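Structural characterization, general
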Amino acid sequence: MDDPYQNNVNQQVTEGGQYTYTQEGGGQDGYPYQTDYPPQEEDAASDATEGHDEDDQMYEGEYQGVPHPDEIKEARRAARMEARRKARQAAQQEEEDDLPEQYESIMEDCGHGRFQWTLFVVLGLALMADGVDGFVVGFVLPSAEKDMCISNADKGMLGLLVYVAMMVGAIVWGGLCDKMGRRKCLIYVLSIDVVFSFLSCFAQGYGFFLFFRFCSGFGIGGSIPIVYTYFTEFLQMDKRGEHLSWLCMFWMLGGLYASFSAWGIIPHYGWGFAIGTEVQIHSWRLFILVCIFPALAALVGVVFMPESPRFLLENARHDEAWMILRQVHDTNWKAKGEPERVFTVSNIKTPQTQEDEFIEIQSDTGTAFQRWTVRHMTMFQQVIANMMSLSSSELRLQGLFLVVVWFCLAFSYHGLGVWFPDMIKYMQYEEYEAKVRVFHRERVERFHFNFSLVNQIHREGEYIHDKFAEIEIKSVKFEDSLFENCYFEDVKSTNTFFENCTIKNTVFYNTDLWQEKFKDCRMENTTFLHPKKGCHLNFQEENDIVIYMVSFLGSLAVLPGNIISALFMDKIGRIRIIGGSMLASAGCTFLLLLSFSQGAVICWQCLFYAVSVAAWNGVEVISVELYPSAKRGTAFGVLNGVCKLAAIIASFIFASFIGITKIIPIFLAFSALVCGGLLALKLPETREKILS
């Protein structure tokens, strides 16, 4: 008896994608197929499959784990693309690995000569402009606060905002110079500084003056990262340390220029002029105008300088880089008397980044505004990405060490830089207070005061029918006194106040004694006629030449340290220079405990500056050598921003202890220098490192 379930069935697929079965007997595989089902119409498809088309049918081999032919093709296509991508990356990596050695070889062939020295002077003037701006606010503030009636709170705001602007400028322009170019960004930086410094000379209101100085600080704050990055890329390895250290001397020259100019200009009140009746240009404004000259000279010079060829090569601009390198080669060898030497380089590695390709593609589409927006938004994204890449695994540890070293050095240097002049002022104030004359219960009647009153205190006095005419009252205080039937005419006052006084039947004519000078006073039938509006300068009081001399000597004191560090930077290495200088500076801070006179403070200040400048030179050299060219400006900008932040913090901390104690500021400076000096010894040595 045949098995009713063993049937031979042929399975065929129709053009419509449906399966048909024909029975030929029992199945050979032992699986039964029942054929006694009622026949179905073509349209009698089940609801579960209704609406499905042929593309939705399941591939038959999927039951047996066999991939679909389309999937096989897609996998092969992806494998080929991945192989090509890896090949491109390998070729690009090989080019990037070859570029530093090739560039170093080219710079050695170009030599070091007239071109580098010309660039040295131009960039030195830019660095000098930054040094000048660091002193401008401190020198003009005593006069500006009188000329524009600046309160103590607003006076502190001016110094704070200028440093904040320089901090932001360093970070922003440092990042941009890696994407826009060193030369272009330096032109922007110097232009902003020149324009807004010039406008600040004529700003009559404190608000405009503050805004213009902020913008000027934002501009010049970016000069240091760009200058060091720019100059480094024109130097061969065995010249970098020495010549970057020589470049640092221009910051010292900026301090000397600012100090000497302030000393020679600001105390001469008569050198000012007026534009109409509202605009008064006093000598301190002329001083700001003179301080523009280094930045203006640097701007003119940079216009005639070429872009960094290393930047051009990193951005796949081979032809431009080749022309500039040939210019450097020909300029140097022609100046050395060998004009026949030929620039033999014909091919330079130029890796092109995906970011460059993205900008190139996007800039060819849309309107002009859309292209401008795409370019600048893409550049902004690239700058942020470049900053974030500084925290990558290969850069994170050395970057953290550098941040700490920069912060510690700046904290101690700028903190003591604030402490030295403030300490001298405090000593002058104590000496002045010790000579104050006190008058108690004096009675003066029908007397004509035609001589100046200086450094006096009058308590419970009585002044009846007295006349104060054409005199100067300086640092005088009247307490609990009576003024009756008195007459004040053409009186100039400085630091003079009336406290808890009674003033009866008194006339003030053409004086600068306004309401703020009278504290808790009782006025009876008192008249103020033609009062002098605004604040008035007193250059004998507010512009002590000792402060200018202190800054001048402090700037001059760094000259020996600059020379020594430049001569030994490439011989003993950057790390030993930084660590040794910071630890020696820490030892110098203990000598400040012996500062019992103004002369001693000035002496220890000069010694501290002379020793610590070598650390500054070393840390600036190593900062440009540790980072690759695509991140060099960004990294230096961030580090310089950390420096400005440390200066802001230190100025508040150190100034708050003036007149209270010397121990805490000295201990803070010592601790920061020791910490930074020991950590600097952990940094990698870069004197034989080829710029990556």
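Residues numbered from 1 in each chain as written. Predicted model: local features only at pLDDT ≥ 70, side-chain atom pairs only at ≥ 80, totals over all residues. Heavy atoms only, no water.

Quick look at helix α11 (residues 318-335) now. Spanning 18 residues, α11 covers 26 Å between terminal C-alpha atoms, matching the ideal 26 Å at 1.5 Å per step. Listing the buried residues of α11 in full gives His 318, Ala 321, Ile 324, Leu 325, Val 328, His 329, Asn 332 and Trp 333. Across the axial projection of α11, the buried residues extend over an arc of 155°, all falling on one side. Exposed side chains of α11 directed beyond 90 degrees from the buried face belong to Asp 319 and Lys 334. Within two residues after α11, Gly 337 carries a phi angle of roughly 85°, on the positive side. (Helix = DSSP H or I, 4+ residues; strand = E, 2+ residues; numbered from the N terminus. Expected span 1.5 Å × (residues − 1). Buried < 20%, exposed > 50% of the residue type's maximum accessible area, 1.4 Å probe, protein only. Arc of directions from axis to C-beta.)

Further remarks concern the sheet that holds strand β20 (residues 527-529). The strand order across the open sheet formed by five strands is β7-β10-β13-β17-β20, and the pairing between neighbours is parallel. Only two strands of the sheet have a single neighbouring strand rather than two, namely β7 (448-449) and β20. Bridging between β7 and strand β10 (residues 467-469) involves two bridges; their strand directions are parallel. Bridge assignment links His 448 to a residue of β10, and that residue is Lys 467. (Pairing = 2+ DSSP bridges.)

In this section: the sheet that holds strand β12 (residues 482-484). Strand order in the open sheet formed by five strands is β6-β9-β12-β16-β19, and the pairing between neighbours is parallel. At either margin of the open sheet sits one strand with a lone partner, and together these are β6 (443-445) and β19 (522-524). Direction aside, neighbouring strands of the sheet carry axes that sit 5° apart on average. As paired elements, β6 and strand β9 (residues 462-464) share three bridges and run parallel to each other. (Axes fitted to C-alpha atoms, helices over the stretch in contact; angles between N-to-C directions.)

One non-glycine residue, Ala 316, lies in the positive phi region at around 60°. Examined against the element boundaries, Ala 316 turns out to sit in the loop between α10 (309-314) and α11. Located in the positive-phi region is Ser 475, a residue other than glycine, with phi close to 55°. Structurally, Ser 475 can be placed in strand β11 (residues 472-479). Residue classification places Ser 475 among the buried residues on the basis of a relative accessible area of 12%.

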